[in-house]
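Commentary on secondary and tertiary structure
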Amino acid sequence: MATETPPPSNTQTRLPSSEEFAEVQQSPEFAELRHSHRSFAFPLTFAFIAWYLLYVLLSNYADGFMGTKVVGNINVALVLGLAQFLTTFLIAWWYSRHAATKLDPKAEAIKSRMEDGA
């Protein structure tokens with residue numbers, strides 16, 4: 001089954017001026033968008049960096065603990081190392097959901113208002 005993309009739209013999008021960008025940046029709506037992003041991203045970034053540094057410190061200074069066998073030849077170090085990958089993917093998925101539900105609608109509203117010149 002072949003799908004064809006529609007031809008590009010001939011309508012030109014109005015580009016806002018730098019004064020309009022500055023005005024929107026000072027608006028409460030943009031401040032709320034920025035707050036929504038920062039209140040999610042900064043704590044999660046801090047938590048992940050702390051979790052990563054804990055893993056590094058344990059690897060360097062807690063040989064006995066990290067070498068503890070969990071099952072067969074699988075030790076705590078391997079489990080925590082794999083958990084680093086799992087947390088990375090979980091955070092990416094969680095942020096994607098957050099952006100789609102909270103950030104994107106607000107950003108789209110600001111963008112459409114600016115393009116319409118309102």
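1. As for the confidence of the model for the protein chain
Per-residue pLDDT for the protein chain has a mean of 90; in total, 91% of the residues score no lower than 70. Here helix 1 (residues 18-25) stands out as the least confident element of the protein chain, with mean pLDDT 87; helix 2 (residues 28-61) is the most confident, with 96.

2. Side note on the packing of helix 1 against helix 4 (residues 76-116)
The interhelical angle for the contact between helix 1 and helix 4, taken along N-to-C directions, is 150°, at an axis separation of 11 Å. Where helix 1 crosses over helix 4, the handedness of that crossing is right-handed. For the pair formed by helix 1 and helix 4, the contact residues are Glu20, Phe21 and Val24 on the first element and Ile110, Arg113 and Met114 on the second.

3. Some remarks on the nonpolar core
If you look at the biggest cluster of nonpolar residues, it comprises six residues: Val24, Leu33, Ala99, Leu103, Ile110 and Met114. If one sorts the elements of this core by residue count, helix 4 sits on top with four residues. Residues in contact with Ile110, not counting those within four places in the same chain, are Val24, Glu29, Phe30 and Leu33.

4. Points about the environment of Glu115
Position of Glu115 among the secondary structure elements: in helix 4. Judged by its relative accessible area of 29%, Glu115 falls in the partly exposed class.

5. Things to note about the packing of aromatic side chains
Under the definition given, this model contains two aromatic pairs. On the numbers, 5.1 Å between centres and 80° between planes, the contact of Phe40 with Trp94 is edge-to-face. Residue Phe40 is located in helix 2, and its partner Trp94 is located in helix 4; the two are separated by 54 residues in the primary sequence. For Phe40, a relative accessible area of 12% gives the class buried. Pairing Phe40 with Tyr95 gives two aromatic rings, centres 5.8 Å apart and planes at 45°, and the pair type is tilted. Residue Phe40 is located in helix 2, and its partner Tyr95 is located in helix 4; the two are separated by 55 residues in the primary sequence.

Conventions we followed
- Residues numbered from 1 in each chain as written.
- Predicted model: local features only at pLDDT ≥ 70, side-chain atom pairs only at ≥ 80, totals over all residues.
- Heavy atoms only, no water.
- pLDDT = per-residue confidence, 0-100.
- Helix = DSSP H or I, 4+ residues; strand = E, 2+ residues; numbered from the N terminus.
- Axes fitted to C-alpha atoms, helices over the stretch in contact; angles between N-to-C directions.
- Left-handed = near helix turned anticlockwise from the far one by under 90°.
- Contact = heavy atoms within 4.5 Å.
- Core = buried A, V, L, I, M, F, W, Y, C linked by side-chain atoms within 4.5 Å.
- Buried < 20%, exposed > 50% of the residue type's maximum accessible area, 1.4 Å probe, protein only.
- Phe/Tyr/Trp six-rings, centres within 6.5 Å; stacked < 30°, edge-to-face > 60°.

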